[in-house]
Amino acid sequence: MPVFPKSMHKIAMLGGGSWATALTKIVSENGSHVGWWLRSKDDVQHLLRTRHNPRYLSSVAFDLARVQPATDLADVVAEADWLVLAVPAAFVQPVLDKLDRDALKNKRIISAIKGMIPEKNVLVTDYVAQRFRLAPEQLGVVAGPCHAEEVALEKQSYLTIGSPDVELAETFCQLLRNRYVKAHPSADLDGIEYCAVMKNIIALTCGIAHGLGYGDNFQAVLVSNAVQEIRRFLHALSPLPRDLSASAYLGDLLVTAYSQFSRNRTFGNMVGRGYSVKSAQMEMNMVAEGYYAVKSIHDLNKKLKEFMPITDAAYRVLYEKVAPAVEIELLKEKFR
Ligand SMILES: NC(=O)C1=CN([C@@H]2O[C@H](COP(=O)(O)OP(=O)(O)OC[C@H]3O[C@@H](n4cnc5c(N)ncnc54)[C@H](O)[C@@H]3O)[C@@H](O)[C@H]2O)C=CC1
Ligand SMILES: O=C(CO)COP(=O)(O)O
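Residues numbered from 1 in each chain as written. Chains lettered and ligands numbered in written order. Predicted model: local features only at pLDDT ≥ 70, side-chain atom pairs only at ≥ 80, totals over all residues. Heavy atoms only, no water.

- In the nomenclature of an unreviewed UniProt entry, the chain is known as Glycerol-3-phosphate dehydrogenase [NAD(P)+] of Hymenobacter crusticola.
- A UniProt comment under Subcellular location (unreviewed entry) is attached to the chain, and it reads "Cytoplasm".
- The UniProt entry for the chain carries the following text under Sequence similarities (unreviewed entry): "Belongs to the NAD-dependent glycerol-3-phosphate dehydrogenase family." (UniProt positions renumbered as here; feature names shortened; annotations may be inferred.)

Quick look at the structure:
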């Protein structure tokens, strides 16, 4: 891959939410040119007028010489050599269906999404590779413990770029590294992508327990048992040697399980306090991927038959309307 100066990289950023906004800040302030696709014409107009996203991380001001917000997806993608996917997983299919099957030829695709394609139960990178006939070496993921809100505040953060192509991963790391972001490459794309999906289920369950009045002692045991659950599942799907204590796995689990900024924990907390799933979703202006992930991972495990007590409990609460208190009571007996 040619080594371009950062200013010559052209990135198509897809998504108008918090994570797309945070990533646009990082890469554009670092010198890359960003064609930023947002769904909403009003939001694009607002950005062009004021340099701020009206809905998410609205304190961040963008340099419009480097950031071009737009609603024409095909145009934004055609102009870029990198595509970064940052819409919630449930919208990947409807958004990408607007593109021609050859639209991503010769481009590098980075998924910043921590979710799976609902109904199909496949990873986002697998879906994109299949839909656009891409080689595995064209794909990567952004992982690691990093909340968009802390990027807006320029708090020290760590990201991991997973890809089977080490050079692609390292080049994208270079586009991210700055005063407050450290980035490292990893070859374990599948492991990192699955773990990022699963940690949302765990954080959601931590939120449920918190909403029911359980404290830090219980949550620590829940998270410890979660590491074992994640290890079993990853090993069954992709039995590579991997160090789950690395920040792309354990770090992401911890930040999501404990952070005040976590959408998944917040959503679970509301469910634990007695909100219905629908009303908790309506209350949030943001997407908790864990809600969809529970169904995908639960469905995948029907074949694998791994011991997955936390995922099973969350599934019964969210999809079978079993009372959260009943499920957490049952979990208590399964934990060690
Ligand atoms: N927010 C964060 O700190 C982080 C988020 N992520 C991941 O990034 C992905 C995007 O999440 P966020 O930016 O947090 O979203 P968000 O919860 O901040 O915003 C919701 C997003 O959904 C979009 N949306 C709603 N309806 C849509 C539709 N019909 N079609 C297309 N888009 C639609 C909105 O435009 C907005 O981009 C998720 O997979 C999330 O897990 C990953 C790391 C950090
Ligand atoms: O993945 C994240 C932080 O690393 C974001 O998690 P939430 O979607 O729960 O906020």
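Picking up where we left off.
**Remarks on the overall build of the chain**
Okay, so step 1: Of the regular secondary structure elements, the chain holds 15 helices and ten strands.
Okay, so step 2: On C-alpha atoms alone, the chain measures out to a radius of gyration of 19 Å, which is about the 20 Å that the 2.2 N^0.38 rule sets for 336 residues.
Okay, so step 3: For the chain, the spread of C-alpha atoms along the three principal axes comes to 55 × 40 × 35 Å.
Okay, so step 4: Across the 336 residues of the chain, 55% fall into the buried class.
Okay, so step 5: Sequence separation of 24 or more characterises 72% of the internal contacts of the chain that already satisfy a separation of 6 or more. (Helix = DSSP H or I, 4+ residues; strand = E, 2+ residues; numbered from the N terminus. Rg over C-alpha atoms; globule rule 2.2 N^0.38 Å. Buried < 20%, exposed > 50% of the residue type's maximum accessible area, 1.4 Å probe, protein only. Contact = heavy atoms within 4.5 Å.)

**A look at the site of ligand 2**
Okay, so step 1: Near ligand 2, the surroundings consist of 13 residues, among which Lys199, Asp252, Ser262, Arg263 and Asn264 are the closest.
Okay, so step 2: Separating an oxygen atom of ligand 2 from a side-chain N or O atom of Asp252 is a distance of 2.7 Å.
Okay, so step 3: Here Ser262 contributes a side-chain N or O atom positioned 2.8 Å from an oxygen atom of ligand 2.
Okay, so step 4: About the coverage of ligand 2: the protein hides 91% of its 300 Å² of free accessible area.
Okay, so step 5: Elements supplying a minimum of two residues to the shell around ligand 2: helix H10 (247-258) and helix H11 (263-272). (Near = heavy atom within 4 Å. Polar contact = N/O pair within 3.5 Å; in protein donor to acceptor, adjacent residues only side chain to side chain. Areas by Shrake-Rupley, 256 points an atom, 1.4 Å probe, with all protein chains shown as cover.)

**A short note on helix H13 (residues 290-304)**
Okay, so step 1: For H13, which comprises 15 residues, the first-to-last C-alpha distance of 20 Å matches the rise-based estimate of 21 Å (1.5 Å per residue) to within 8%.
Okay, so step 2: Within the sequence span of H13, burial applies to Gly290, Tyr291, Ala293, Val294, Ser296, Ile297, His298, Asp299 and Asn301.
Okay, so step 3: Positioned one or two residues after H13, Lys305 has a phi angle of 60 degrees, which is positive. (Expected span 1.5 Å × (residues − 1).)

**Quick look at the nonpolar core**
Okay, so step 1: Of all hydrophobic cores here, the largest spans 50 residues; its most connected members are Ile202, Leu222, Ile230, Phe267, Ile297 and Leu318.
Okay, so step 2: Not counting residues up to four positions away in its chain, the partners in contact with Ile230 are Cys195, Met198, Ile202, Leu244 and Leu253.
Okay, so step 3: Ala148, Val151, Phe172 and Ala183 belong to the second largest nonpolar core, which has 38 residues in total. (Core = buried A, V, L, I, M, F, W, Y, C linked by side-chain atoms within 4.5 Å.)

**Regarding the site of ligand 1**
Okay, so step 1: The full set close to ligand 1 counts 21 residues, and Gly17, Ser18, Arg263, Val287 and Glu289 are the nearest of them.
Okay, so step 2: A distance of 2.4 Å is found between an oxygen atom of ligand 1 and a side-chain nitrogen or oxygen belonging to Ser18.
Okay, so step 3: Measuring from a nitrogen atom of ligand 1, one finds a side-chain N or O atom of Arg39 at 3.4 Å.
Okay, so step 4: Within the complex, 87% of the 820 Å² of free accessible area of ligand 1 lies under protein.

**Comments concerning the packing of helix H8 (residues 189-211) against helix H9 (residues 216-237)**
Okay, so step 1: Interaxial distance between H8 and H9 falls to 10 Å at its minimum, and their mutual angle equals 150 degrees. Judged by the angle between their axes, H8 and H9 are roughly antiparallel. At the point where H8 passes H9, the crossing takes the right-handed sense. Where H8 approaches H9, its residues Gly191, Tyr194, Cys195, Met198, Ile202, Thr205, Cys206 and Ala209 are matched on the opposing element by Phe218, Gln219, Leu222, Val223, Ala226, Glu229, Ile230, Phe233, Leu234 and Leu237.
Okay, so step 2: Of the residues contributing to the contact of H8 with H9, the split by class is 14 nonpolar, three polar and one charged. (Axes fitted to C-alpha atoms, helices over the stretch in contact; angles between N-to-C directions. Parallel < 35°, antiparallel > 145°, perpendicular 65-115°, else oblique. Left-handed = near helix turned anticlockwise from the far one by under 90°. Nonpolar A, V, L, I, M, F, W, Y, C, P; charged D, E, K, R; others polar.)

**Some points on the sheet that holds strand E10 (residues 181-186)**
Okay, so step 1: Pairing is mixed in the open sheet, where eight strands are placed in the order E3-E2-E1-E4-E5-E8-E9-E10. Each edge of the sheet is formed by a strand with only one pairing partner; in this case those strands are strand E3 (67-70) and E10. Averaged over neighbouring strand pairs, the angle between their axes works out to 20 degrees when direction is ignored.
Okay, so step 2: Sheet topology places strand E4 (residues 82-85) next to strand E5 (residues 108-111); four bridges connect them, and they run parallel. Counterpart to Leu85 in the pairing with E5 is Ser111.
Okay, so step 3: The strands touched by helix H7 (residues 166-176) within the sheet are strand E1 (10-14), E4, E5, strand E8 (139-143), strand E9 (157-162) and E10, with E10 carrying the most contacts at an inclination of about 175 degrees. (Pairing = 2+ DSSP bridges.)

**Thoughts on the state of the cysteines**
Okay, so step 1: This model, assessed by the stated rule, comprises zero disulfides.
Okay, so step 2: Cys195 carries a free sulfur, and the closest cysteine sulfur to it, the one in Cys206, is 13 Å from it.
Okay, so step 3: For Cys195, a relative accessible area of 2% gives the class buried. (Disulfide = S-S within 2.5 Å.)

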